[in-house]
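# Summary of the model geometry
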Amino acid sequence: MKAAVFYAVNDPLKVEEYPTPEPGAGEVLVKVAACGLCHTDLHYTDHGVPTFKKPPLILGHEVSGEIAGLGAGVDQWKEGDRVLLPAVYGCGECAMCRTGRENICEKMIMFGNNVDGGYAEYILAPAKDVFHLPKEIPLIEGSIIADAITTPYHAVINRGEVKPGDKVVVFGCGGIGLNVVQMAAAIGAEVIAVDIVEDKLKWAGKLGATATLNSKEFDRIDKEIRKLTNGGADVAFEAIGNPDVQKQTFSSLRTGGRFVVVGFSGKPMSLDTGRVMYREMEVIGSLGCRAVDYPRVLELARQGKIKVKELVTAQFSLDDINAGFEHLRKGEGVRSVVIP
């Protein structure tokens, strides 16, 4: 099969022939329809964040496709079934999995990190972790549900515990941040979106933000948010992974507010722990999405309650994947996909 293979930091991916995997017991072989391009991959290719499986490695963790082969013992799927793969899957046996938190499984497996991912014509997956993709959801654009939409769902619903009428602020309107905006607005929150790129703020407005703020226009964006919300947001999300922005996000909250960290940063942020204690503030991490929530997100998309197809603003062939990565680095568009 053809695949885009990651060999070393700061080197382009190499599109080459790669052994087509064979499904073992309990596995399915999926013919990849599309795989979303994600900033997480830039952590590996540009910034030297190590992958668990050492290169050579096929990256990519937002995968949709069709069943192309069945391993021994697999009887719940048939060839040709439309499927979505979760970005990560759990072991089902550890304490986290057995308490419903498989997204932070002690033996978590991530496509394009622990095992080969979706920048290829075919990919292997455990049959137990594959989800049916309804016919109402387009096969190619639906790939981004695997991370760009499920991760915000988990952040908003499970970790942020956003309720209708809550005042919410979202710092960072990239692929994840925009869907935090969309998800919070969909359940009835009043959402303020913050970014430094006007085009992304326009997208935030299309996805339900009631106010958009360009932080470059304010000396203290946190003060502006506290003024707009009469004291501060109930829940604040940081979807960039920048310690300075994380500090601003926390400062935008009201007394007793909830700060949800969605963006990854390898550097520590400065946190006013005195305020955390004295004002009973909450600081919460959010990673990926629980497997049990994928059907709920797919149903929201099937019913048209959340936008999916409109968010895919660029498509690249596998041969042009490095151009897709450059598009990603420049922050162009909302979400891009690779079509093997």
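Let us look at the structure shown here.

Thresholds, definitions, all that
Residues numbered from 1 in each chain as written. Predicted model: local features only at pLDDT ≥ 70, side-chain atom pairs only at ≥ 80, totals over all residues. Heavy atoms only, no water. Phe/Tyr/Trp six-rings, centres within 6.5 Å; stacked < 30°, edge-to-face > 60°. Helix = DSSP H or I, 4+ residues; strand = E, 2+ residues; numbered from the N terminus. Buried < 20%, exposed > 50% of the residue type's maximum accessible area, 1.4 Å probe, protein only. Lys NZ or Arg CZ within 6 Å of the ring centre and 35° of its normal. Core = buried A, V, L, I, M, F, W, Y, C linked by side-chain atoms within 4.5 Å. Contact = heavy atoms within 4.5 Å. Salt bridge = Lys/Arg side-chain N within 4 Å of Asp/Glu carboxyl O. Pairing = 2+ DSSP bridges.

### Here's the deal with the packing of aromatic side chains
- Enumeration according to the criterion identifies four aromatic pairs in this entry.
- The interplanar angle of 5° and the centroid separation of 4.9 Å between the aromatic rings of F131 and Y294 together place this pair among those described as stacked. Of this pair, F131 sits in strand β10 (residues 131-132) while Y294 sits in helix α9 (residues 294-302), and the two are 163 residues apart along the sequence. Here F131 matches Y294 in class, with each residue buried.
- Note that K206 overlies the ring of W203, its terminal NZ or CZ placed 4.5 Å from the centroid.

### Quick notes on the nonpolar core
- Counting residues in hydrophobic clusters, the biggest one holds 90 residues, and the most contacted among them are V28, L85, Y119, I145, I149, V168 and F237.
- With residues up to four places along the chain from it excluded, the contact list for V28 reads P23, I67, G69, L70, V74, W77, I123, L124, A125, A127 and V130.
- Core analysis: the second largest hydrophobic core is formed by 14 residues, V194, V245, F250 and F259 among them.

### A look at the side chain of D129
- Along the chain, the position of D129 falls in the loop between β9 (122-126) and β10.
- For D129, the contacting residues outside a window of four places in its chain are P86 and Y89.

### Observations regarding the pattern of salt bridges
- The tally for this structure, following the rule as stated, stands at 18 salt bridges.
- Here K2 makes a salt bridge to D319, at a shortest N to O gap of 3.3 Å. Of this pair, K2 sits in strand β1 (residues 2-6) while D319 is found in the loop between β17 (312-317) and α10 (321-329), placing the two residues 317 residues apart along the sequence.
- When its relative accessible area of 27% is taken as the criterion, K2 is described as partly exposed.
- The partner of D293 in a salt bridge is R296, and the shortest N-O contact between them spans 2.8 Å.
- Looking at R296, the relative accessible area reads 42%, which means it is partly exposed.
- In the salt-bridge network here, residues are joined through shared partners; they are K135, E136, E299 and R302.

### Topic: the sheet that holds strand β2 (residues 14-17)
- The strand order across the open sheet built from three strands is β2-β1-β4, with neighbouring strands paired in antiparallel fashion. Every other strand in the sheet has two partners, leaving β2 and β4 (57-58) as the edge strands with one partner each.
- Sheet analysis places β1 next to β2, joined by four bridges and oriented antiparallel. What sits directly across from A4, in β2, is V15.

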